[in-house]
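What follows is the residue order along each chain.
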There are 2 protein chains.
Amino acid sequence: MVQTEKDALTDHISITIVGLGLMGGSLALALRDHTEDPDAASLDAASLNVARIVGVSRNPETLAAARAAGAIDAGTTDLAQGVSRADIVILATPVRTILRQLPEVGRHARHGTVVVDLGSTKAAICSAMAGLPEGIQPVGGHPMCGKEVGGFAASDSALYRGKTFGLCPLPRTRPEALERAWALAEAIGARPVVLDPVTHDHAVAAISHLPYAAAVALVNAVRAGSGAGAGTAATDLIWRLAASGFRDTSRLAASEVEMMLDILLTNRAAVLDWLGLYQEHLANLKAALMLGDEAELRDLLAAAQARRAGMTF
Amino acid sequence: MVQTEKDALTDHISITIVGLGLMGGSLALALRDHTEDPDAASLDAASLNVARIVGVSRNPETLAAARAAGAIDAGTTDLAQGVSRADIVILATPVRTILRQLPEVGRHARHGTVVVDLGSTKAAICSAMAGLPEGIQPVGGHPMCGKEVGGFAASDSALYRGKTFGLCPLPRTRPEALERAWALAEAIGARPVVLDPVTHDHAVAAISHLPYAAAVALVNAVRAGSGAGAGTAATDLIWRLAASGFRDTSRLAASEVEMMLDILLTNRAAVLDWLGLYQEHLANLKAALMLGDEAELRDLLAAAQARRAGMTF
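Residues numbered from 1 in each chain as written. Chains lettered and ligands numbered in written order. Predicted model: local features only at pLDDT ≥ 70, side-chain atom pairs only at ≥ 80, totals over all residues. Heavy atoms only, no water.

(A) Quick peek at the side chain of Ser14(A). All names here are of chain A. Tracing the backbone through its elements, the reader meets Ser14 in strand E1 (residues 13-18). By relative accessible area, which is 13% here, Ser14 ends up buried. Non-local contacts of Ser14, meaning those with residues more than four positions away in its chain, are made with Arg52, Arg85, Ala86, Asp87 and Ile88. (Helix = DSSP H or I, 4+ residues; strand = E, 2+ residues; numbered from the N terminus. Buried < 20%, exposed > 50% of the residue type's maximum accessible area, 1.4 Å probe, protein only. Contact = heavy atoms within 4.5 Å.)

(B) Structural view of the interface of chain A and chain B. In this assembly, 85 residues from chain A lie in contact with 85 residues from chain B. Summed over both sides, the interface between chain A and chain B buries roughly 8,200 Å², with carbon and sulfur atoms accounting for 73% of that surface. In this structure, the connection of chain A to chain B is made through six salt bridges. In this structure, Asp248(A) engages Arg251(B) in a salt bridge whose closest nitrogen and oxygen atoms are separated by 2.6 Å. At the boundary of chain A and chain B, one finds 27 residue pairs in polar contact (both at pLDDT 80 or more). Contributions of two or more residues to the side of chain A that touches chain B are made by helix H9 (197-225), helix H10 (233-241), helix H11 (244-250), helix H12 (257-265), helix H13 (268-291) and helix H14 (294-309) of chain A. For the side of chain A that touches chain B, the element with the most residues is H9(A), which contributes 21 residues. Counted by class, the side of chain A that touches chain B contains 55 nonpolar, 17 polar and 13 charged residues. (Buried area = accessible area lost by both parts, 1.4 Å probe. Salt bridge = Lys/Arg side-chain N within 4 Å of Asp/Glu carboxyl O. Polar contact = N/O pair within 3.5 Å; in protein donor to acceptor, adjacent residues only side chain to side chain. Nonpolar A, V, L, I, M, F, W, Y, C, P; charged D, E, K, R; others polar.)

(C) Representation of the relation of the copies chain A and chain B in the model. Turning chain A through 180 degrees and shifting it by 0.0 Å along the axis lays it on chain B, with an RMSD of 0.1 Å. What the superposition gives is, in effect, a two-fold axis relating one chain to the other. Within chain A, Thr249(A) has its C-alpha nearest the rotation axis, a separation of 2.0 Å. When the interface residues of chain A are mapped onto chain B, 100% of them again lie at the interface, so the same face is used by both copies. (Least-squares fit on C-alpha atoms with pLDDT ≥ 70 in both.)

(D) Structural context of the sheet that holds strand E5 (residues 114-117) of chain A. Residue and element names in this part refer to chain A. An order of E3-E2-E1-E4-E5-E6-E7-E8 is seen for the eight strands of this open sheet, with the pairing classed as mixed. In this open sheet, the two edge strands, each paired with only one partner strand, are strand E3 (74-76) and strand E8 (191-194). Looking at each pair of strands side by side, their axes are set apart by 25 degrees on average, direction ignored. Sheet analysis places strand E7 (residues 164-169) next to E8, joined by four bridges and oriented parallel. Its bridge partner being in E8, Thr164 is matched across the sheet by Arg191. (Pairing = 2+ DSSP bridges. Axes fitted to C-alpha atoms, helices over the stretch in contact; angles between N-to-C directions.)

Pasting the structure below:
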């Protein structure tokens with residue numbers, strides 16, 4: 001079967017989602033909701049008319065669960081087969097897995113296929129996307145949402161609703177492909193925003209990867225300082241007293257390790273920059289407290305309070 | 001009117017709450033709920049039989065709001081007058097205000113009055129409580145709850161429900177007084193736990209004050225690194241992309257500045273110890289990332305993940 005790009009934009013299309021963890025599973029469920037929603041069907045031609053969703057996973061049990069949940073129409077453990085007939089391929093695996101999968105997707109996807117990823121860092125992925133065969137249309141993607149639990153079982157069709165969805169077209173990306181990625185983001189209820197990969201990676205290092213690092217160091221420090229956890233009275237007390245403040249500040253530390261490892265390692269320079277700046281501000285705070293410099297300490301707390309209290313989410 | 005301690009334990013009692021912000025206001029509302037709950041009335045003699053709640057606030061408008069909400073029966077701006085007839089005085093002001101108020105409470109409270117505070121640090125307060133006149137019965141208190149918004153308007157009768165309520169009796173505190181503080185904690189739905197002030201302060205520095213400091217430095221670093229906020233495109237983008245991860249990690253930075261200033265300054269040694277340990281763990285993380293030491297980085301992330309994912313709140 002050969003389709004022209006024009007046909008693909010108006011016809012019922014086939015979407016292949018590679019990786020059915022939290023992000024891929026939730027995307028499948030959200031697309032399913034979109035397809036079944038009578039309001040969505042009345043949208044204009046730019047919207048997605050999804051005929052078929054194919055899932056690709058290493059794990060046959062995940063495929064079975066996704067089929068049972070009605071998230072996908074068909075599943076395969078074979079990446080090449082899974083992407084070969086798709087109009088849109090969505091890569092929803094960890095960042096370094098995406099980097100490994102891109103060449104194979106390039107070899108097996110047909111001419112005109114739009115390839116979008118959901119990876120949390122964009123410079124390395126967009127760079128790899130530049131090496132895809134000419135007929136493939138790449139768009140880097142990053143929906144700004146998640147949970148600290150992963151896996152298909154944690155999937156939620158509302159995960160993307162109202163969330164910002166960063167899109168990074170390459171210089172070679174055709175406008176129709178970007179339009180399709182935009183429609184995909186809107187179909188799952190997200191708010192697309194176009195930006196370049198470097199700007200993206202610098203920004204998410206500040207508001208996502210640095211908070212993660214801060215949470216990891218927090219948990220590890222309290223763990224170390226409370227005797228590493230082995231049932232002493234003082235240790236038990238510390239964890240018993242932990243309330244909503246610790247819960248929220250440390251929440252990101254429970255994120256999936258392999259996913260976060262990929263993110264940190266593919267955004268190393270930006271994360272290191274922000275970590276350095278964070279260390280400076282932590283040292284300022286510590287110095288003011290150590291000196292008992294009440295005026296300086298008040299200024300530091302007040303600056304953060306004013307900024308944070310003014311934020312809405 | 002003179003009451004013996006025995007009378008006070010069985011009779012309907014009068015409670016004075018000093019400070020009607022989030023903590024004091026919520027306490028008043030919770031006691032009101034307790035009094036009006038028919039199940040509570042059938043509890044044994046150890047429970048609180050609250051006849052009257054008096055509020056003390058600098059601000060007449062706060063007193064009027066608290067009366068209008070039914071939180072208090074009477075209000076006064078005069079601390080001496082407010083505490084003079086109370087069976088229990090609850091100090092719900094910031095820590096250093098409590099330290100200033102204690103001597104005046106000691107001068108004006110009558111013999112047998114139980115004085116409990118809700119301050120977030122305990123060593124300095126329990127030390128000051130040791131100087132109260134002999135007839136006064138002091139119990140340091142710290143309910144492990146809060147919100148990042150303050151003031152009577154934020155009060156919530158459910159604030160204490162299910163939360164740990166630390167109690168620090170002094171060597172001089174009589175068992176009946178501790179029993180009364182325990183009943184107070186239970187009356188508002190909290191779970192009392194007795195501990196010594198130094199252990200308390202060390203523990204809360206880890207799980208409350210350190211997370212606060214981490215959140216403040218996070219907001220200040222991102223603020224500084226994004227150009228301090230003045231409407232540039234890159235700056236706007238950073239804040240626009242901020243999602244639930246940043247929201248939660250930075251939440252504590254919105255806490256009331258004067259309250260937190262008092263907490264940090266009255267728990268300086270413990271907070272500095274934990275900050276130092278935190279800096280070490282942050283440096284470890286940064287070093288592993290800088291070196292691209294994947295195995296070490298994975299170990300650090302996995303240790304935090306295992307600890308944090310195992311926590312329930």
